[in-house]
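Fold and geometry: a report
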Amino acid sequence: MTEEMYSVEQVAERLGLHVRTVRAYIRSGKLAAVRIGKQYRIARADLEALTGRTGARPDSSIEVSSIVQIEGVDTGAADRIGTLVLTAVNTGRGQGDPLQVQTVHDPERERLKIVLFGAPAASAEVLRLIDEVLPGILRD
């Protein structure tokens with residue numbers, strides 16, 4: 001019996017992270033992976049060990065999707081905001097399903113979109129954080 005393996009891209013998509021972040025987790029030892037040729041493969045058990053959850057999802061779970069659009073955001077501010085949100089989501093979270101986060105910055109329009117998908121309470125925490133911290137980041 002062979003164990004299910006994921007590529008770095010698949011893990012990034014499942015966790016709502018950037019591919020570079022997943023590679024950094026592998027290099028730092030935070031996420032176990034096997035190098036096959038020039039690519040990494042992550043075992044399902046290792047991914048579950050990182051996230052603290054199994055592949056099974058409770059049938060009664062409630063999930064929310066939220067899109068935050070922020071105007072007037074240059075590349076530097078977009079990087080700071082994205083790092084803040086991803087750090088908030090990936091640290092200090094104990095129980096429950098992790099949030100999936102995607103950030104998209106359009107430098108020409110100076111527009112940042114943050115997409116959250118997950119549990120209502122966790123989404124609300126991140127939205128409160130964005131609301132509290134955003135004015136300070138945009139002033140810098």
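A few points on the structure. Being a predicted model, the structure only gives us computed values, none of them experimental. (Residues numbered from 1 in each chain as written. Predicted model: local features only at pLDDT ≥ 70, side-chain atom pairs only at ≥ 80, totals over all residues. Heavy atoms only, no water.)

1. A short note on the overall build of the chain
- Helix and strand counts for the chain come out as five helices and six strands.
- Starting at the N terminus and walking to the C terminus, you meet the elements of the chain as β-α-α-β-β-α-β-α-β-β-α.
- Buried residues in the chain amount to 28% of all 140 residues.
- In the chain, once contacts between residues fewer than 6 apart in sequence are set aside, the share between residues at least 24 apart is 62%.
- When the accessible area of the chain is evaluated, it comes to approximately 9000 Å², of which 50% is carbon and sulfur surface. (Helix = DSSP H or I, 4+ residues; strand = E, 2+ residues; numbered from the N terminus. Buried < 20%, exposed > 50% of the residue type's maximum accessible area, 1.4 Å probe, protein only. Contact = heavy atoms within 4.5 Å. Areas by Shrake-Rupley, 256 points an atom, 1.4 Å probe, with all protein chains shown as cover.)

2. Some points on unusual backbone geometry
- Its identity as a non-glycine residue notwithstanding, Glu-110 has a phi of 50°, on the positive side.
- Here Glu-110 shows up in the loop between β5 (100-106) and β6 (111-118).

3. What about the sheet that holds strand β1 (residues 5-7)?
- Strand order in the open sheet formed by three strands is β1-β3-β2, with antiparallel pairing between adjacent strands. The open sheet has two free edges, formed respectively by β1 and β2 (34-36), since each of these has just one partner strand. Each strand axis lies, on average, 40° off the axis of its neighbour in the sheet, ignoring direction.
- Bridge count for β2 against strand β3 (residues 39-43) is three bridges, and the pairing is antiparallel. Residue pairing across strands places Arg-35 opposite Tyr-40, the latter belonging to β3. (Pairing = 2+ DSSP bridges. Axes fitted to C-alpha atoms, helices over the stretch in contact; angles between N-to-C directions.)

4. Structural notes on the nonpolar core
- Counting residues in hydrophobic clusters, the biggest one holds 32 residues, and the most contacted among them are Val-11, Val-22, Ile-81, Val-85, Val-101 and Ile-114.
- Sorting the residues of this core by element identifies α1 (8-15), α2 (19-28), β3, β4 (64-71), α4 (75-90), β6 and α5 (120-139) as the ones contributing at least two each.
- By residue number, the principal contributor to this core is α4, which donates six residues.
- Those residues in contact with Val-101 that sit more than four places away from it in its chain are Leu-15, Gly-16, Leu-17, Val-85, Leu-86, Val-89, Ile-114, Val-115 and Leu-116. (Core = buried A, V, L, I, M, F, W, Y, C linked by side-chain atoms within 4.5 Å.)

5. A word on the environment of Val-133
- Within the secondary structure, Val-133 sits in helix α5.
- A sequence separation of 52 residues divides Val-133 from Ile-81, and the C-alpha atoms of the two residues are 8.8 Å apart.

6. A word on the sheet that holds β5
- On the basis of which strands lie adjacent, the open sheet formed by three strands has the order β4-β6-β5 and antiparallel pairing. The two strands at the open ends of the sheet, each matched to only one other strand, are β4 and β5. For this sheet, the mean inter-axis angle between neighbouring strands, taken without regard to orientation, is 10°.

7. As for the side chain of Ser-123
- Its place among the elements puts Ser-123 in helix α5.
- Not counting residues up to four positions away in its chain, the partners in contact with Ser-123 are Val-64, Leu-99, Leu-116 and Gly-118.

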